[in-house]
Amino acid sequence: MKKQNIKKLSVTAMLCALAYICMFVFKFKIGFLTFDFKDAILTVIAFLYGPAYAVISSVLVAVLEFLSVSDTGVYGLIMNALSSAVFTFSCGIIYKYRRTLMGAVIGSITAVFSMTAVMLVANIFITPFYMGVARSEVAAMIPTLLLPFNIVKGVVNAAITMIIYKPITTALKKAGLAAIDEVEVGKDYGNPYEGNYAVINNESCIHAAQPYDNETLTNLVRFFGYTFDNYDNANL
């Protein structure tokens, strides 16, 4: 297995565990519905690695919840997996082709409405079996409970994603666990201890004698000095 794939799986597993913890710690019951923040963490996976990873992670976390703390049985498993999968897929598929802040915002807005629409339909067909009531009774809950619940849950999770995405990805990039989308001139990337240290420099002159230019020599001395110092410290 390629090293990059191992990193993806490791980060995905870590974020799935974090999503499970969020579900376990920050869970609120509203009638027969459950409000939690795990979709915010799962959406980070969607932004990092795409919709496929996010959907698989959504199902995995739903199964873990079903096997451990869920009190809603198979019904809860289906609804949890469906809700998270639709939400994260919508975010991930749009951000995959528009990797900008606006793409993330559009993806999040789309996710809120997509998840709400799908869950309303799912409740109409599945909830009567779970609660043992007529479909018309569930339909009557749409304006007073189901619609506002899903919209608020989607908006809150989307907002949390926007807050936590940058800090999480920045930490992962510094640790060498996530790809770097853009670079800043003169900034250090990677880690000398792991052999992936790099600095992006953009000297003002480009000519045959550039290796002897003062600015270039300064950058080279700084790079190798920092690398060798850290290498020596790591092998003491």
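Look above for the structure.
Heads up: these notes are all about the structure in this document.

Cut-offs used in this document
Residues numbered from 1 in each chain as written. Predicted model: local features only at pLDDT ≥ 70, side-chain atom pairs only at ≥ 80, totals over all residues. Heavy atoms only, no water. Patch = residues over 30% accessible without salt bridge, like charges linked within 9 Å, V, L, I, M, F, W, Y side chains within 5 Å. Areas by Shrake-Rupley, 256 points an atom, 1.4 Å probe, with all protein chains shown as cover. Salt bridge = Lys/Arg side-chain N within 4 Å of Asp/Glu carboxyl O. Helix = DSSP H or I, 4+ residues; strand = E, 2+ residues; numbered from the N terminus. Buried < 20%, exposed > 50% of the residue type's maximum accessible area, 1.4 Å probe, protein only. Contact = heavy atoms within 4.5 Å. Pairing = 2+ DSSP bridges. Core = buried A, V, L, I, M, F, W, Y, C linked by side-chain atoms within 4.5 Å. Expected span 1.5 Å × (residues − 1). Axes fitted to C-alpha atoms, helices over the stretch in contact; angles between N-to-C directions. Left-handed = near helix turned anticlockwise from the far one by under 90°. Nonpolar A, V, L, I, M, F, W, Y, C, P; charged D, E, K, R; others polar. Phe/Tyr/Trp six-rings, centres within 6.5 Å; stacked < 30°, edge-to-face > 60°.

A few words now on a nonpolar patch on the surface. A surface patch of nonpolar side chains, about 570 Å² in accessible area, is lined by Leu18, Ile21, Phe24, Val25, Phe26 and Phe28. Looking at the nonpolar patch element by element, the count peaks at four residues for helix α1 (residues 3-25). Considering the arrangement of structural elements, one finds isoleucine 21 in helix α1.

Another point: the side chain of asparagine 150. Tracing the backbone shows asparagine 150 in helix α7 (residues 142-174). Given the relative accessible area of 5%, asparagine 150 is considered buried. Discounting chain neighbours no more than four positions away, the residues touching asparagine 150 are Met115, Thr116, Met119 and Leu120.

Bringing the pairing of strand β1 (residues 27-30) into the picture now. Side chains on a regular strand alternate between the two faces of the sheet. When β1 meets strand β2 (residues 33-36), the two strands line up antiparallel, connected through four bridges. Bridge pairing in β2 places phenylalanine 28 opposite phenylalanine 35. Linkage of β1 to β2, two consecutive antiparallel strands, is achieved through a turn of two residues, within which glycine 31 is found at a positive phi near 65°.

Grouped together as the largest cluster of nonpolar side chains are 40 residues, with contacts concentrated most on Leu15, Leu48, Phe87 and Leu146. Elements that contribute at least two residues to this core include exactly α1, β2, α2 (38-49), α4 (73-97), α5 (101-131) and α7. The greatest single-element share of this core, amounting to eight residues, is contributed by α5. Discounting residues that sit within four places of it in the chain, leucine 48 has contacts with Val11, Leu15, Arg99, Tyr165, Thr169, Leu172 and Ala178.

Between the first and last C-alpha of α1 there are 33 Å, a value that for 23 residues agrees with the 33 Å anticipated at 1.5 Å per step. Considered for burial, the residues of α1 that qualify are Lys7, Val11, Thr12, Leu15, Cys16, Ala19, Tyr20, Cys22 and Met23. Looking at the buried positions of α1, the neighbouring elements they touch are β1, β2, α2, α3 (51-68) and α7.

Time to look at the packing of α2 against α4. Where α2 meets α4, the closest approach of the two axes is 9 Å, and the angle between their N-to-C directions is 35°. With respect to the hand of their crossing, α2 and α4 are arranged in right-handed fashion. For the pair α2 and α4, the contacting residues are Lys38, Asp39, Leu42, Thr43, Ala46 and Phe47 in the first and Asn80, Ser83, Ser84, Phe87, Thr88, Cys91, Gly92 and Tyr95 in the second. Grouping the amino acids of the contact of α2 with α4 by side-chain chemistry returns six nonpolar, six polar and two charged.

Here we take up the pattern of salt bridges. Oppositely charged side chains are able to pair whenever their charged atoms sit close together. Inspection of every chain in the model, using the stated rule, returns three salt bridges. The salt bridge involving lysine 29 is made with aspartate 71; its shortest N-O contact spans 3.9 Å. Remark: aspartate 71 occurs in the loop between α3 and α4 and lysine 29 occurs in strand β1; sequence separation between them is 42 residues. Exposure remark for aspartate 71: the relative accessible area of 61% places this residue in the exposed category.

We now examine the packing of aromatic side chains. Taken as a whole and assessed by the stated rule, the structure comprises ten aromatic pairs. Centroid distance phenylalanine 35 to phenylalanine 37: 5.7 Å. Interplanar angle 80°. Geometry classified as edge-to-face. Residue phenylalanine 37 is classed as buried on the basis of its relative accessible area of 19%. Their ring planes at 10° and their centres at 4.1 Å tell us that tyrosine 75 and tyrosine 130 sit as a pair that is stacked. Of the two residues, tyrosine 75 is situated in helix α4 and tyrosine 130 in helix α5; the sequence distance between them amounts to 55 residues. The class for tyrosine 130 is partly exposed, based on a relative accessible area of 34%. By way of ring pairs, the aromatic residues Phe26, Phe28, Phe35, Phe37 and Phe149 are connected into one cluster.

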